[in-house]
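Here is how the chains run, residue by residue.
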Amino acid sequence: MSAVTKTENPEANPRVKAVFDDIRTTRKSDFVNNMWLYLAFDPDLLEKTWAEVKTVMATPSALDPLVKEMLYIAVSVTNGCSYCAHSHTAAAKAKGMTREQHADLMRVIALAAKTNQLAVALQLPVDAAFDADRQA
């Protein structure tokens, strides 16, 4: 159940329509997913969030687009966001993620979660060799 009501005709608002049109153009698809449909209840929040997503996820950078999607999956799983885990898994598959890569990603996520919990439980001090401030 959503915490907000989906706007009946969101594109009646010109600000929302402009964002949705940009989403369609950027993604080369007519599909506007629920994240954006529900964020349309607040055009300012919609604009700012889309601008950041577009900058980070759709603008060429040092990270390959598939790697970005796989990182997004890992963070979404860690944060317990089913919606984002599903949507970014679909995006990663669309960008070429194989079954083997997906399985490997799940192993890495599971291992990181386990060892993170152990490190937190043990309250381990950071090794001097890992301290970025000490490295040249």
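Below, the structure is looked at part by part. This structure is a prediction, so every number in the text was calculated from the model and none was measured.

## Some thoughts on the pattern of salt bridges
A side chain with one charge can pair with a side chain of the opposite charge if their charged atoms come near. Taken as a whole, this structure holds nine salt bridges when the rule is applied. A salt bridge links Asp 44 to Arg 15; its shortest N-O distance comes to 3.6 Å. Residue Asp 44 is located in helix 3 (residues 43-58), and its partner Arg 15 is located in helix 1 (residues 14-27); the two are separated by 29 residues in the primary sequence. With a relative accessible area of 34%, Asp 44 lands in the partly exposed category. Asp 104 is the salt-bridge partner of Arg 107, the closest N and O atoms lying 3.6 Å from each other.

## A closer look at the packing of aromatic side chains
According to the stated counting rule, one finds one aromatic pair in the structure shown. Aromatic pair Trp 36 and Trp 50: ring centres 5.4 Å apart, planes at 85°, arrangement edge-to-face. A residue pair is termed long-range when its members are at least 10 positions apart, and Trp 36 in helix 2 (residues 34-39) and Trp 50 in helix 3 qualify at 14 residues. Taking relative accessible area as the criterion, Trp 36 reaches 3% and is therefore assigned buried. Here Trp 50 falls in the buried class, since its relative accessible area comes to 5%.

## So, helix 4 (residues 65-79)
In this model, helix 4 (15 residues) spans 21 Å end to end at C-alpha, consistent with the 21 Å of a helix rising 1.5 Å per residue. Of the positions making up helix 4, those classed as buried are Leu 66, Lys 68, Glu 69, Met 70, Ile 73, Ala 74 and Ser 76. Check the buried side of helix 4 and you find it contacts helix 3, helix 5 (82-94) and helix 6 (99-122). Capping the start of helix 4, Asp 64 holds a side-chain oxygen 2.8 Å from the backbone nitrogen of Leu 66, two or three residues further along. Of the residues flanking the end of helix 4, it is Gly 80, one or two places downstream, whose phi is positive at about 75°.

## Remarks on the nonpolar core
Judged by nonpolar contacts, Val 16, Val 19, Phe 20, Ile 23, Val 32, Trp 36, Leu 37, Leu 39, Ala 40, Leu 46 and Trp 50 together constitute the single largest core of eleven residues. At the level of elements, helix 1, helix 2 and helix 3 are the ones that each hand at least two residues to this core. Sort the elements by how many residues they give to this core and helix 1 lands first, with four residues. Not counting the four nearest positions on each side in its chain, Ile 23 is found in contact with Phe 31, Trp 36 and Trp 50. If you look at the next biggest cluster of nonpolar residues, it comprises eight residues, including Ala 92, Met 97, Leu 105 and Ile 109.

## Brief notes about a nonpolar patch on the surface
Side chains of Leu 63, Val 67 and Leu 71 sit close together on the surface and give an oily, nonpolar patch of about 240 Å² of accessible area. Among the structural elements, Leu 71 can be located in helix 4. For Leu 71, a relative accessible area of 46% puts it in the partly exposed group.

## Re the packing of helix 4 against helix 6
Between helix 4 and helix 6, whose axes approach to 10 Å, the crossing angle comes to 40°. The angle between helix 4 and helix 6 places the two elements in the oblique class. The way helix 4 lies across helix 6 gives a crossing that is right-handed. Residue-level inspection shows Leu 66, Met 70, Ile 73, Ala 74 and Val 77 of helix 4 in contact with helix 6, the latter providing Gln 101, Leu 105, Met 106 and Ile 109.

## Concerning the side chain of His 88
Tracing the chain through its elements places His 88 in helix 5. Judged by relative accessible area, His 88 falls into the buried class, the value being 14%.

The rules we used
- Residues numbered from 1 in each chain as written.
- Predicted model: local features only at pLDDT ≥ 70, side-chain atom pairs only at ≥ 80, totals over all residues.
- Heavy atoms only, no water.
- Salt bridge = Lys/Arg side-chain N within 4 Å of Asp/Glu carboxyl O.
- Helix = DSSP H or I, 4+ residues; strand = E, 2+ residues; numbered from the N terminus.
- Buried < 20%, exposed > 50% of the residue type's maximum accessible area, 1.4 Å probe, protein only.
- Phe/Tyr/Trp six-rings, centres within 6.5 Å; stacked < 30°, edge-to-face > 60°.
- Expected span 1.5 Å × (residues − 1).
- Contact = heavy atoms within 4.5 Å.
- Polar contact = N/O pair within 3.5 Å; in protein donor to acceptor, adjacent residues only side chain to side chain.
- Core = buried A, V, L, I, M, F, W, Y, C linked by side-chain atoms within 4.5 Å.
- Patch = residues over 30% accessible without salt bridge, like charges linked within 9 Å, V, L, I, M, F, W, Y side chains within 5 Å.
- Areas by Shrake-Rupley, 256 points an atom, 1.4 Å probe, with all protein chains shown as cover.
- Axes fitted to C-alpha atoms, helices over the stretch in contact; angles between N-to-C directions.
- Parallel < 35°, antiparallel > 145°, perpendicular 65-115°, else oblique.
- Left-handed = near helix turned anticlockwise from the far one by under 90°.

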